[in-house]
Amino acid sequence: MSAVVTGAGVVSPLGHSVAELTRRFALGESAILPVTGTGREGALAAVVADIPQDAIPAGTLRRVGRMDRITRLFLAAASRAVVDSGLDLQAENSERVGLVFGTGLGCLLTNAAYFEKVIESGPAGASPQLFAYTVSSAAAGEVSIALGIRGVNATMHAGLAAGLQAIGRAVDLIHLGRADVVLAGGGDALGPTLLQALDDMGLLKRSVPVPFEDAAPGLVPGEGAVVVVLESPQHAAARQARPLARVAGYASGFEPTLAERQRQTTGIDAVLRRALAAAARPAGDVGIVMSSAHGTPLDAVEAAALRRLYAAAPAAPLVFAPKRALGDGFAASGALAFVLAAGLMTNPPRPRSIDALAVEIAADSGVRPATRVADRLARARSAMIHGLCYSGTSVAVVLDSAG
Amino acid sequence: MFFSSRKRRAGITGCGVVSPVGNSLPAFWQALLDGRRGCAPIRRFDTTGMSVTWAAEIADPIPEHRLSAAERERLGRVDQYALAATREAIAAAALDLAAIDPTRVGVLLGTTLGGMEIGERYLAQTAGPRGGFDARALLHHPYYDVANRLARTLGVRGPVLSPSIACASGTEAIGIALDFVRLDRGDLFIVGGAEALSPFVVNGFNCLRATTADVVRPFDARRSGLLLGEGSAVVIVEALEHARQRGVTVAVEVAGTGMAGDATHMTAPARDGSGAARAMRMALRDAGTDSAAVDFVSAHGTGTVFNDAMECAAIAAVLGDRAGSVPVNSIKGAIGHTLAAAGSFEAIMCVMAMRSGLVPATLNCEQLDPACSLDVVMGAPRPHPVRCALSTSSAFAGNNAAVVLRNLTPASIGNRNDATDERHAV
């Protein structure tokens, strides 16, 4: 099983390309800032300042104004991914090109906007224009119209690991021969209603969490969208595309005890093990782990599962926690970690700041700062990206560098 | 290349239903055969000011052995429907989940509304006086929570996801389960859809002018729109070898799946039905067969002017010369449009048609649209052996999905009693 990544579109709080995201992450930059103007005093978030429109097809630009925020995020990311891949969609058989988007919250912000008008004005306040975007598949629908994609068109919810699940599903579709090319990724949008709801639930953190150190419930919300172009190796070779990376395997599963006091790791263990098995390699061959850690009680669960996975490996991997810089972008997080892993392996950064960004999960149950990070990054050929949702979903993808 | 990795096959080993016309598979099936209508004036919530006030709500009580008093108290309606339907499907499949590796069991459950009631209550209290609403309930508002909560209840540890292509989600879920079995991502999957109606969605379809003040009349010349429905339909999709190993005979195979996008409009289908036709052809190709094998088509059949015209064109294009001789039906006249659950209800209807040799009639279709060249089953159930059924769904955002179901037992005709006996339900 494999598919190659031939392009990526990134719309993130830390830049709008893999190169920029990787560079700023390696420099230790953080996009986490206090939110303003929403009445949520002291709350932190990582927001996309401007959604780029440079790659959106000209014929679609007049429709952008009516789209909701998540649709605009996905449309910008997908358009950029196509340009980045050098794919000429006009020359492709559009029925063999597919879309798979994963989202955690989907259209919930639009639902709220639509229903607030109903509350305000009664049934007469229901807006057909807003209601059209109260399905989570609206973003993929708009992207398919904008880009003329007529193959498999899927949107899925898989908790906050939906972005990685979508990438995995896309790999399956290519492997099964249902598509030659699939645009896949994850995204979620922030808005005042979401911030208010998180605050009302007591889930907004008001200080920057430290992954694997803090263990309080809550999150620093983020947003963004990442769409990658996945192709069968044969299709990419036929059009002489140069892959950015290769998806070697993935697995998904569920751990039903994550909401309980006594959390287990059985479901996560199986996911990590099966992702490696799908990629046909031992844990020791995977030198980088992009974790879901974000300073919550789940960090310890993930660390325990990784510790068990690498127990027999000759060396511990470098473990990064991108949410420390990007906040928790819900379904965008896994997809952001995916392209960040590709960026770190393709052009390993050398700044000394990178040393402070990785940890090692020690065999004795501790977590310690990693050493010689730049050198080890330069040698790494494979990464595992793990998405974990508080409600139980776990998805792991094994990514190989193209080199 | 297309079938290179397809070593494992999948079948349906259990079905469960919570529907507007009955809260068990036998009750649902009998109602379809009897032509019982589930649509009535909405009772669950205030409809003052709504232009259309009818829908197909869950009216009958859910059997106590499928939902405890504590679960009725604790769970939202959508979760209750999904859990009760799942328990019936598990019982029908003679499954003991405790005896199966939980990492080989998954949940694939679609919903377009999820915990919408919770979101509505939250927004209403933020707009008005606060009090009485526990914000932590919002954790059950996101769409994924229905599948996740079900997975937690059952102790599942395999893949859990919620396909979200609006009204075609239930059909896509079955297709994903087939792929996951083929790719050895698990041995069995709890698959389906669940919806609980609320003002949110009734107002939405009303404002699109998609609902009817009449009854739902799929493919009828007088059709004027849809009515919404709710409930849950769940099937157990299991690897054939796994079912065999635990001594279960599989009557119906999930043979193929297909999906395609229209890429034309956000809320209206492609008028020529080209997207739906491509999804159906892909499903047939995936099943290793073609339209010559199809002897029954379960249509999406919403009863809207555009959907049914599009579907007539799409099904006719797929069936070709046989378009006028292959039975086609829609069950939305009976249970309304159950959104993400619709495709799952229709798949179960196909299973029962295979088991019984009876195709339910399309309720309220009395004057077939002259533009429709299909053999729409009208008036009464039709005795007809069904060996290969094609079920199709279409949705907002131009999504289309189809599945092919294949009868693995000798097809019978008109064996009504056998098909309505729960002991024989697959």
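Scroll up a little and you will see the structure.
Residues numbered from 1 in each chain as written. Chains lettered and ligands numbered in written order. Predicted model: local features only at pLDDT ≥ 70, side-chain atom pairs only at ≥ 80, totals over all residues. Heavy atoms only, no water.

Student: Summarise the interface of chain B and chain A; cite the residues concerned and give the values.
Tutor: Taken together, the contact pairs 71 residues of chain B with 74 residues of chain A. Carbon and sulfur atoms make up 62% of the surface buried where chain B meets chain A, a total of about 5,900 Å² over both sides. Three residues stand out in chain B for area buried against chain A, namely B:Y144, B:R157 and B:M266, and they jointly supply 13% of the buried area on that side. Linking chain B to chain A there are six salt bridges. We note a salt bridge from A:R169 to B:D179, for which the minimum N-O separation is 3.0 Å. Scanning the region where chain B abuts chain A turns up 25 residue pairs in polar contact (both at pLDDT 80 or more). (Contact = heavy atoms within 4.5 Å. Buried area = accessible area lost by both parts, 1.4 Å probe. Salt bridge = Lys/Arg side-chain N within 4 Å of Asp/Glu carboxyl O. Polar contact = N/O pair within 3.5 Å; in protein donor to acceptor, adjacent residues only side chain to side chain.)

Student: So what's going on with the packing of aromatic side chains? Residues and values would help.
Tutor: Per the counting criterion, the structure on display carries 13 aromatic pairs over all chains. Ring geometry for A:F74 versus A:F101: centroids 4.3 Å apart, planes at 5°, classification stacked. On the criterion of sequence distance, the pair formed by A:F74 in helix α3 (residues 69-85) and A:F101 in strand β4 (residues 97-102) is long-range, its members being 27 residues apart. Each member of the pair, A:F74 together with A:F101, is buried. An aromatic cluster of three or more residues is present, and its members are A:Y114, A:F115, A:F131, B:F200, B:F205 and B:F396. Cation over ring: B:R271 sits above B:F306, and NZ or CZ is 3.8 Å from the ring centre. (Phe/Tyr/Trp six-rings, centres within 6.5 Å; stacked < 30°, edge-to-face > 60°. Helix = DSSP H or I, 4+ residues; strand = E, 2+ residues; numbered from the N terminus. Buried < 20%, exposed > 50% of the residue type's maximum accessible area, 1.4 Å probe, protein only. Lys NZ or Arg CZ within 6 Å of the ring centre and 35° of its normal.)

Student: Which residues make up the environment of B:Y122, and what are the values?
Tutor: By the secondary structure assignment, B:Y122 is in helix α4 (residues 116-127). With relative accessibility at 4%, the residue B:Y122 sits in the buried group. Each C-alpha atom of the pair B:Y122 and B:A135 lies 7.4 Å from the other, and the pair is 13 residues apart in sequence. Once you skip the residues sitting within four places of it in the chain, B:Y122 turns out to touch A:Q196, A:A197, A:D200, B:F133 and B:L138. Among the polar contacts made by the side chain of B:Y122, one reaches the side chain of A:D200 at a distance of 2.6 Å.

Student: Mind laying out the pairing of strand β11 (residues 358-361) of chain A, listing which residues take part and the relevant values?
Tutor: All names here are of chain A. Residues A358 and E360 of β11 are buried on one face, and the alternating residues V359 and I361, pointing to the opposite face, are buried as well. Two strands pair when backbone bridges link them, and strand β10 (residues 318-320) and β11 are joined in this way by two bridges, in the antiparallel orientation. Residue pairing for β11: V319 is matched across the bridge by V359. In this structure, β11 lies alongside strand β12 (residues 367-369), joined through three bridges in antiparallel fashion. (Pairing = 2+ DSSP bridges.)

Student: Can you break down the packing of helix α6 (residues 169-182) of chain B against helix α12 (residues 342-356) of chain B residue by residue, with the values?
Tutor: Residue and element names in this part refer to chain B. In contact at an axis separation of 5 Å, α6 and α12 are set at 65° when each is read in the N-to-C sense. By the angle class used here, α6 and α12 are roughly perpendicular. Here α6 contributes G170, T171 and I174 to the contact with α12, which in turn contributes G343, S344 and A347. Grouping the constituent residues of the contact of α6 with α12 by class yields two nonpolar, four polar and no charged. (Axes fitted to C-alpha atoms, helices over the stretch in contact; angles between N-to-C directions. Parallel < 35°, antiparallel > 145°, perpendicular 65-115°, else oblique. Nonpolar A, V, L, I, M, F, W, Y, C, P; charged D, E, K, R; others polar.)

Student: Could you give an account of the side chain of B:H300, naming the residues involved and the relevant values?
Tutor: Along the polypeptide, B:H300 turns up in the loop between β9 (296-298) and α10 (305-319). Contacts of B:H300, omitting those with residues within four sequence positions, involve B:C167, B:N307, B:E311, B:S330, B:K332, B:H337, B:E346, B:T392, B:S393 and B:S394.

Student: Quick rundown of the packing of helix α1 (residues 18-26) of chain A against helix α13 (residues 331-346) of chain A? Include the residues and the values.
Tutor: Residues and elements named next belong to chain A. In the contact formed by α1 and α13, the axes pass within 9 Å of each other and the chain directions differ by 80°. With respect to α13, the element α1 is oriented roughly perpendicular. On α13, the residues that touch V18, L21, T22 and F25 of α1 are L336, V339, L340, G343 and L344. Its residues placed into classes, the contact of α1 with α13 shows seven nonpolar, two polar and no charged.

Student: How would you explain helix α11 (residues 298-309) of chain A if you had to name every residue and give the values?
Tutor: All names here are of chain A. Its twelve residues give α11 an end-to-end C-alpha distance of 17 Å, which sits within 8% of 16 Å, the value for a rise of 1.5 Å per residue. Across the twelve residues that make up α11, a large majority, nine, are buried. Packed against the buried residues of α11 are α10 (266-279), β9 (288-290), β11 and β13 (382-388). (Expected span 1.5 Å × (residues − 1).)

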